[in-house]
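If you want the building blocks of each chain, they are given just below.
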Amino acid sequence: ELNLRRNQITHVYEIDQLLSLQRLFLSHNQIQRYGDISCLSDCVSLHELTLDGNPMSEPVSSAPTSFSSSSSSYRSVVLSHIRQLQQLDQKPVTEGELRVAVLVAQEEDEREEEMRRRTLLKEHKEVVIKNISQAWLRKHTPPQDIDNSDSPPTSQQLPPSPPSSPFPLPPYPQLPSFLVDSCEDALHLYSSGALDAVRSSPAHHHYQAQLQTTQNAAVVLSVHVHYVDHQELDLWLGRVAKQWPQVKLLELHCNNLASLQHLNVLRQAANWTALRELAISPDGNPITEHPHFHSYAISCLKCLPALEKINDRLVTGEDREVASRHFGALEQLHATHTERMAGCSQDEVSFYLFIYFLL
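Because the structure is predicted, anything quoted here is derived from the model rather than measured.

Enquirer: Hey, could you run me through the overall build of the protein chain in this one?
Expert: For the protein chain, the helix and strand inventory stands at seven helices and twelve strands. Within the protein chain, buried positions represent 43% of all 359 residues. Of the roughly 19200 Å² of accessible surface on the protein chain, a fraction of 52% belongs to carbon and sulfur atoms.

If you want it as structure tokens, here you go:
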């Protein structure tokens, strides 16, 4: 027996070393949560415990734990960790309380498993995105400029997969070459393979914990495309704009947009009539430094009356007039000749129209 009442105790350590301890009195101390006395779970001989008068046992408490909200839940949590207790706070432990304690323990294990799964998923996603980023940089960077100090991770550098999980992840080192990631109303696509994945069965998606939401067209309100060349975007934007017509934000990151001609890919977003904002990152998109970038982007998206911002710059009526004055003739040529040149690529069409316009 050990009596530690009224000692301003906040934590208890190594009491499990007292192998014969049967009765422990910790009433009227300053113990906030069960984690502060977790060593009691290993006290195999303990059958009587008092914790009344501690913040964790109070029905209404400011303690930052969900199980401090009521006396019954407090008892259930304690009993879920110390199953052999016969008395708690000088009250006998009933069979009903033990059954509830088992359920509480199961729920806690499930929460911890879910937290582990989410942490592992986040780590794996970060590794995949880094791998995709490095592949894109190697493709678009001259060999002499590549920094090999940040090379793709090897199998020894990767976080291990858990031995068993209700949400299995792709086995390493076979990293996926693309990633589709959905969070609430935002859809993030990494690498060109992701463009095909969102048009195929959801069963082909990597990391698809919440991808079922993408099946509802009204849910996806922002689309973020990373590490996809503008040529591939040209074939994809028109289709996906029909699939999710409610999109309000389009963000492009590392798409090798290097000239005004490349911005013609934006014309494929004509079906996004709700689009309010376009964000083209300067990373991997040199066109953002062009003096006519803003005007030409407006010209490409002039059919979208809801458009309010391009790269955090407001689109005003004056901006639209300037874009029309500078590029209106080119826009008319584009509408007239694109259909005639249906067999040509977007770059070929754009190049032809620029030459035609200059002449």
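Enquirer: Any chance you could explain helix H4 (residues 230–243) here in plain terms?
Expert: Turn by turn, an α-helix covers 3.6 residues, leaving residues three or four places apart pointing in a common direction. For H4, spanning 14 residues, the distance from its first C-alpha to its last is 20 Å, which sits close to the expected 20 Å at 1.5 Å a residue. The sharpest bend along H4 comes to roughly 40°, located at Trp-236. What H4 keeps buried is the set His-230, Leu-233, Asp-234, Trp-236, Leu-237, Gly-238, Val-240 and Ala-241.

Enquirer: What am I meant to see in the pairing of strand S9 (residues 249–253) here?
Expert: Here is the key point about a regular strand: its side chains alternate between the two faces of the sheet. In the sheet, strand S8 (residues 222–226) pairs with S9 via five bridges, with the strands oriented parallel. Within S9, the residue paired with His-226 across the bridge is His-253. With four bridges connecting them, S9 and strand S10 (residues 277–280) associate as parallel partners. Bridge pairing in S10 links Leu-252 to Ile-280.

Enquirer: Quick question: what am I supposed to make of the packing of aromatic side chains here?
Expert: Any two aromatic rings considered together are summarised by their centre-to-centre distance and by the angle between their planes. Counted under the stated rule, the structure contains two aromatic pairs. Ring geometry for Tyr-296 versus Phe-327: centroids 4.9 Å apart, planes at 75°, classification edge-to-face. Of this pair, Tyr-296 sits in helix H5 (residues 293–300) while Phe-327 sits in helix H6 (residues 317–337), placing them 31 residues apart in sequence. One exposure class covers both Tyr-296 and Phe-327, and it is buried.

Enquirer: Would you take a moment to explain the pattern of salt bridges for this structure?
Expert: When their charged atoms lie close together, side chains carrying opposite charge are able to pair. Evaluation of the coordinates by the stated rule reveals ten salt bridges. Of the charged contacts, one joins Glu-48 and Arg-23 as a salt bridge, the two residues approaching to 2.9 Å between their closest N and O atoms. Taken as a pair, Glu-48 in strand S3 (residues 48–50) and Arg-23 in strand S2 (residues 23–25) lie far apart in primary sequence, 25 residues in all.

Enquirer: Would you mind showing me how to read unusual backbone geometry here?
Expert: Backbone geometry follows two general trends: most residues other than glycine have a negative phi, and most peptide bonds adopt the trans configuration. With a phi close to 60°, Glu-14 is a non-glycine residue in the positive phi region. Relative to the elements of secondary structure, Glu-14 occurs in the loop between strand S1 (2–3) and S2. For Asn-311, which is not a glycine, the phi torsion comes out positive at approximately 50°. Secondary-structure assignment places Asn-311 in the loop between strand S11 (309–310) and strand S12 (313–314). Assessed through its relative accessible area of 27%, Asn-311 is described here as partly exposed.

Enquirer: Any chance you could explain H5 here in plain terms?
Expert: In terms of residue burial, H5 counts as a mostly covered element, since eight of its eight residues are buried. Those residues of H5 that sit buried are Phe-293, His-294, Ser-295, Tyr-296, Ala-297, Ile-298, Ser-299 and Cys-300.

Enquirer: I keep staring at the side chain of Glu-48 and nothing clicks. Help me out?
Expert: Residue Glu-48 is classed as buried on the basis of its relative accessible area of 8%. In terms of polar contacts, Glu-48 uses its side chain to reach the side chain of Arg-23, at 2.9 Å. Not counting residues up to four positions away in its chain, the partners in contact with Glu-48 are Gln-22, Arg-23, Leu-24, Phe-25, Leu-85 and Gln-87.

Enquirer: Could you clarify how one ought to interpret the nonpolar core in this entry?
Expert: If you look at soluble globular proteins, the nonpolar side chains tend to sit buried side by side. Leu-189, Val-223, Val-225, Trp-236, Leu-263, Leu-266 and Trp-272 are the most contacted members of the largest nonpolar core, which totals 44 residues. Secondary structure elements with two or more residues in this core: strand S7 (186–190), helix H3 (192–197), S8, H4, S9, S10, H5 and H6. With 26 residues, the next largest nonpolar core counts Ile-37, Cys-39, Tyr-74 and Val-104 among its residues.

Enquirer: Explain a negative patch on the surface here, please?
Expert: A cluster of acidic residues, Glu-107, Asp-109, Glu-110 and Glu-112, forms a negative patch on the protein surface. Tracing the backbone through its elements, the reader meets Glu-107 in helix H2 (residues 95–140). The exposure class of Glu-107 is partly exposed, given its relative accessible area of 45%.

Enquirer: Can you walk me through the sheet that holds S2 in this structure?
Expert: The strands making up a sheet associate through hydrogen bonds between their backbones, and the pairing can be parallel or antiparallel. Taken in spatial order, the five strands make up an open sheet running S1-S2-S3-S4-S5, and their pairing is mixed. Taken across any chain shown, the strands that pair with only one partner, and hence form the sheet edges, are S1 and strand S5 (91–92). As paired elements, S1 and S2 share two bridges and run parallel to each other. Bridging across to S2, Leu-2 finds its partner in Leu-24.

Enquirer: Teacher, can you tell me more about the environment of Val-77 here?
Expert: Along the chain, Val-77 turns up in helix H1 (residues 71–81). For the pair Val-77 and Leu-103, spaced 26 residues apart in sequence, the C-alpha to C-alpha distance is 9.8 Å.

Enquirer: Looking at this structure, I do not really get the environment of Gln-231. What am I missing?
Expert: As for its position among the elements, Gln-231 is in helix H4. A residue is classified by how much of its surface remains accessible, and Gln-231, at 41% relative accessible area, is partly exposed. Sequence separation of Gln-231 and Leu-257 is 26 residues, and the distance between their C-alpha atoms is 9.4 Å.

Enquirer: How do you make sense of the sheet that holds S11 when you look at a structure like this?
Expert: Taken in spatial order, the seven strands line up as S6-S7-S8-S9-S10-S11-S12 in an open sheet, and their pairing is mixed. Two strands bound the open sheet, and with one partner strand each, they are strand S6 (179–183) and S12. Where S6 and S7 come together, five bridges link them in antiparallel fashion. Considered in S7, the bridge of Leu-179 is made with Tyr-190. H2 rests against S6 and S7 of the sheet, and its axis sits at about 130° to S6. Contacting S7, S8 and S9, H4 runs over the sheet at an angle of about 160° to S8.

What counts, and at which threshold
Residues numbered from 1 in each chain as written. Predicted model: local features only at pLDDT ≥ 70, side-chain atom pairs only at ≥ 80, totals over all residues. Heavy atoms only, no water. Helix = DSSP H or I, 4+ residues; strand = E, 2+ residues; numbered from the N terminus. Buried < 20%, exposed > 50% of the residue type's maximum accessible area, 1.4 Å probe, protein only. Areas by Shrake-Rupley, 256 points an atom, 1.4 Å probe, with all protein chains shown as cover. Expected span 1.5 Å × (residues − 1). Bend = angle between axes of the 7 residues up to and from the residue. Pairing = 2+ DSSP bridges. Phe/Tyr/Trp six-rings, centres within 6.5 Å; stacked < 30°, edge-to-face > 60°. Salt bridge = Lys/Arg side-chain N within 4 Å of Asp/Glu carboxyl O. Polar contact = N/O pair within 3.5 Å; in protein donor to acceptor, adjacent residues only side chain to side chain. Contact = heavy atoms within 4.5 Å. Core = buried A, V, L, I, M, F, W, Y, C linked by side-chain atoms within 4.5 Å. Patch = residues over 30% accessible without salt bridge, like charges linked within 9 Å, V, L, I, M, F, W, Y side chains within 5 Å. Lys, Arg positive; Asp, Glu negative; His and termini not counted. Charge placed at Lys NZ, Arg CZ, Asp CG, Glu CD. Axes fitted to C-alpha atoms, helices over the stretch in contact; angles between N-to-C directions.

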